[in-house]
Amino acid sequence: MNARPISEDDLQAYVDETLEAARRAQVASYLSTHPEEARRIERYRDQRALLRAALAPIADEPVPPELNLTRMLETRRRPRREWARWAAAAVVLLCLGGVTGWSMRGATEHGPRGIVALAGEAADSYQVYASDRVRPVEMGEDDRAGLIRWASTRLGRAVSVPDLSTSGYRFMGGRLVATPHGCAVLFMYDDPAGTRLVLFTRTMEADRNMPMSEHSRDGLEGVAWSSEGIGYSLVGPTSSELRPIANEIRRQVGTTL
Amino acid sequence: MSDMLLLVEPQIPALRRYARALTRDRATADDLVQDCLERAITHWQQRRDDGSPRAWLFSILHNLAMNRMSKARSQPRPVAIEDAGESALVRQAEQPDRLQHRDLLRGLEQLSEAHRSVLLLISVEDLSYAEAANVLGVPIGTVMSRLSRAREKLAQLMDAEAVVHPPVHGSLLRRIK
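All of these numbers come straight from a predicted model, not from anything done at the bench.

Chemist: Sorry, what's going on with the interface of chain B and chain A here?
Modeler: Interface extent is often summarised as the accessible area lost during association of the parts. In this assembly, 37 residues from chain B lie in contact with 30 residues from chain A. Of all the secondary-structure elements, those providing two or more residues to the side of chain B that touches chain A are helix H1 (2-8), helix H2 (12-23), helix H3 (26-43), helix H4 (53-74), helix H6 (102-110), helix H7 (113-124) and helix H9 (140-164) of chain B. Tallying contributions element by element places H3 of chain B first for the side of chain B that touches chain A, with eight residues. In the side of chain B that touches chain A, the residues fall into 21 nonpolar, seven polar and nine charged.

Set out below in structure tokens:
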């Protein structure tokens with residue numbers, strides 16, 4: 001006989017009734033000769049039964065109307081409202097203002113202009129837009145082509161949307177953002193847990209080629225870099241493991257632009 | 001999307017139960033389940049086909065609950081004076097035929113979130129150890145050791161409850177005040 005020794009895992013699985021019959025018999029026979037363990041396991045079994053009984057009534061309640069899945073699916077399919085277009089137009093106007101009215105600012109003040117400014121703008125935008133439950137993006141994933149066209153026109157260069165699905169993030173959509181250095185494009189992503197990431201990109205006058213650097217502020221983390229005059233900053237909540245995702249983005253934009 | 005309705009809708013009662021047992025508040029729990037369903041609709045095509053939809057839904061719900069609860073901890077919610085000291089979960093259990101569950105639910109509330117969630121996912125929601133490991137984002141060995149500790153801790157808490165609050169009395173006196 002070379003029976004495997006009984007482990008605590010076996011005892012727990014015995015409580016949960018997930019052991020296969022042969023192993024279950026071995027555990028039962030072990031318990032019959034170990035009264036102290038048997039008492040402990042019996043308590044756990046009682047506890048499990050009591051817990052199930054105590055919480056069962058919740059699952060028996062009628063499902064409230066706001067959790068009607070059929071209705072939720074129908075609401076989803078309704079078309080987007082017309083005012084979204086007006087809001088989009090307003091952002092363009094803001095952007096023009098950012099470029100023309102404020103164009104003297106960079107010349108007269110010596111604030112940060114390079115990668116530090118970019119990282120700050122990206123974090124600002126994250127705070128404003130990623131926390132927005134109603135309209136985090138101006139143009140959604142369903143109009144990706146329209147967004148790319150719009151962003152490419154406004155930035156004056158071809159823009160592509162990196163695919164982050166291998167990192168578990170879905171593209172939600174994007175918008176234009178006004179910065180002291182002109183127009184920037186913001187793309188937003190989320191994962192099934194609702195964690196949102198923002199990729200922020202604009203033309204760079206200073207720091208036109210910079211390696212990746214990490215920034216953090218107010219519970220946010222960012223990775224920023226620039227390449228051939230285009231700056232990128234990826235921002236997410238602390239602990240969202242941005243570095244590999246940033247590498248992936250750099251790899252993708254490097255091959256498509 | 002019609003397969004989604006078929007696979008997800010039957011899970012809603014269990015999702016509500018898990019959320020409520022975890023958050024101890026009906027409105028918060030149903031809010032979380034609603035968020036969870038919305039995310040499930042949006043991400044339905046991206047879920048991995050190899051896992052069960054049930055475990056996938058529990059992962060979404062669990063993550064949402066943890067986010068919400070860590071936020072709630074940093075900004076405590078005002079509690080009406082008559083509610084203080086008695087939680088939603090316990091109050092609901094205190095209908096006459098459920099008095100016997102009172103100590104257990106009170107004990108459950110005193111467990112850490114990590115212990116409570118592992119116990120609920122496995123003992124009540126019947127997730128496999130591997131599925132629970134996935135939902136909680138920890139290795140399966142951690143699930144096993146947490147489960148063992150959670151059961152022992154809950155047993156101790158119930159012993160303590162039985163000493164501090166002899167059955168029936170405590171709850172009846174409380175309700176009068």
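Structure shown, so let's carry the discussion forward.
Chemist: Looking at this structure, how should I read the pairing of strand E7 (residues 230-237) of chain A?
Modeler: Consecutive side chains along a regular strand alternate between the two faces of the sheet. All names here are of chain A. In terms of burial, E7 is a largely internal element, six of the eight residues being buried. By the bridge criterion, six bridges tie strand E4 (residues 196-203) to E7 in an arrangement that is antiparallel. If you follow Thr203 over to E7, its bridge partner there is Ile230. Taking the residues between adjacent antiparallel strands as the criterion, strand E6 (residues 220-227) and E7 are bridged by two residues, where Glu228 takes a positive phi near 50°.

Chemist: I keep staring at H2 of chain B and nothing clicks. Help me out?
Modeler: An α-helix turns once every 3.6 residues. As a result, residues three or four positions apart point the same way. All names here are of chain B. Its 12 residues give H2 an end-to-end C-alpha distance of 16 Å, which sits within 8% of 16 Å, the value for a rise of 1.5 Å per residue. Of all 12 residues in H2, 10 are buried, a share of seventy percent or more. Along H2, the residues that are buried comprise Ala14, Leu15, Arg16, Arg17, Tyr18, Ala19, Arg20, Ala21, Leu22 and Thr23. At the exit of H2 stands Arg24, carrying a positive phi of roughly 65°.

Chemist: I would appreciate a short explanation of the packing of H7 of chain B against helix H8 (residues 129-136) of chain B in the present structure.
Modeler: Between two packed helices, what matters for the description is the angle formed by their axes and the separation of those axes. Residue and element names in this part refer to chain B. Where H7 meets H8, the axes come as close as 10 Å, and the angle between the chain directions of the two elements is 140°. As H7 packs across H8, the resulting crossing turns out to be right-handed. Note on element contacts: H8 touches H7 through Tyr129, Ala132, Val135 and Leu136, opposite Ser117, Val118, Leu121 and Ile122. A per-class count over the contact of H7 with H8 returns seven nonpolar, one polar and no charged.

Chemist: What am I meant to see in helix H1 (residues 8-16) of chain A here?
Modeler: By the burial criterion, the buried members of H1 of chain A are Leu11, Gln12, Ala13, Tyr14 and Val15 of chain A. With its phi angle positive at about 60°, Glu17 of chain A sits one or two positions after the end of H1 of chain A.

Chemist: Is there a simple way to explain the confidence of the model for chain B in this structure?
Modeler: Where the model shows low pLDDT, its predicted coordinates should not be examined in detail. Residues and elements named next belong to chain B. Taken over all residues, the pLDDT of chain B has a mean of 81, while the share at 70 or more is 73%. By mean pLDDT, the top-scoring element of chain B is H7 (96), and the lowest-scoring one is helix H10 (residues 169-176) (44). In this model residues 79-86 is a low-confidence stretch, pLDDT under 50, and it forms three contacts with partners more than four residues away in sequence or in other chains. Note that residues 168-177 has pLDDT below 50 and, in this model, six contacts with residues that lie over four places away or in other chains. Model confidence for the complex: the whole-complex pTM is 0.56, and ipTM, which rates the interface, is 0.80.

Chemist: I tried to follow the packing of helix H3 (residues 35-60) of chain A against H2 of chain B on my own but got confused; where do I start?
Modeler: At a closest axis distance of 8 Å, the pairing of H3 of chain A and H2 of chain B adopts a crossing angle of 125°. Classified by the angle between their axes, H3 of chain A and H2 of chain B sit oblique to one another. Between H3 of chain A and H2 of chain B lies a crossing whose hand is right-handed. Where H3 of chain A abuts H2 of chain B, its residues Leu55, Ile58 and Ala59 of chain A lie against Pro13, Ala14, Arg16, Arg17, Arg20 and Ala21 of chain B. Taken together, the residues that form the contact of H3 of chain A with H2 of chain B break down as six nonpolar, no polar and three charged.

Chemist: How do you make sense of the sheet that holds E7 of chain A when you look at a structure like this?
Modeler: Two pairing modes exist for strands in a sheet, parallel and antiparallel, and in both the strands are linked by backbone hydrogen bonds. Residue and element names in this part refer to chain A. Spatially, E1-E2-E3-E4-E7-E6-E5 is the arrangement adopted by the seven strands of the open sheet, whose pairing is antiparallel. Of all strands in the sheet, those bounded by a partner on one side alone are strand E1 (139-140) and strand E5 (210-217). Two elements, strand E3 (residues 182-190) and E4, share seven bridges in a ladder whose sense is antiparallel. Bridge pairing in E4 links Met188 to Val198. Helix-sheet contacts for helix H8 (residues 144-155) involve E1, strand E2 (170-179), E3 and E4, and the interaxial angle to E2 is about 25°.

Rules and cut-offs
- Residues numbered from 1 in each chain as written.
- Chains lettered and ligands numbered in written order.
- Predicted model: local features only at pLDDT ≥ 70, side-chain atom pairs only at ≥ 80, totals over all residues.
- Contact = placed C-beta atoms within 7 Å.
- Helix = DSSP H or I, 4+ residues; strand = E, 2+ residues; numbered from the N terminus.
- Nonpolar A, V, L, I, M, F, W, Y, C, P; charged D, E, K, R; others polar.
- Buried ≥ 20, exposed ≤ 12 C-beta atoms within 10 Å, placed from the backbone.
- Pairing = 2+ DSSP bridges.
- Expected span 1.5 Å × (residues − 1).
- Axes fitted to C-alpha atoms, helices over the stretch in contact; angles between N-to-C directions.
- Left-handed = near helix turned anticlockwise from the far one by under 90°.
- pLDDT = per-residue confidence, 0-100.
- Parallel < 35°, antiparallel > 145°, perpendicular 65-115°, else oblique.

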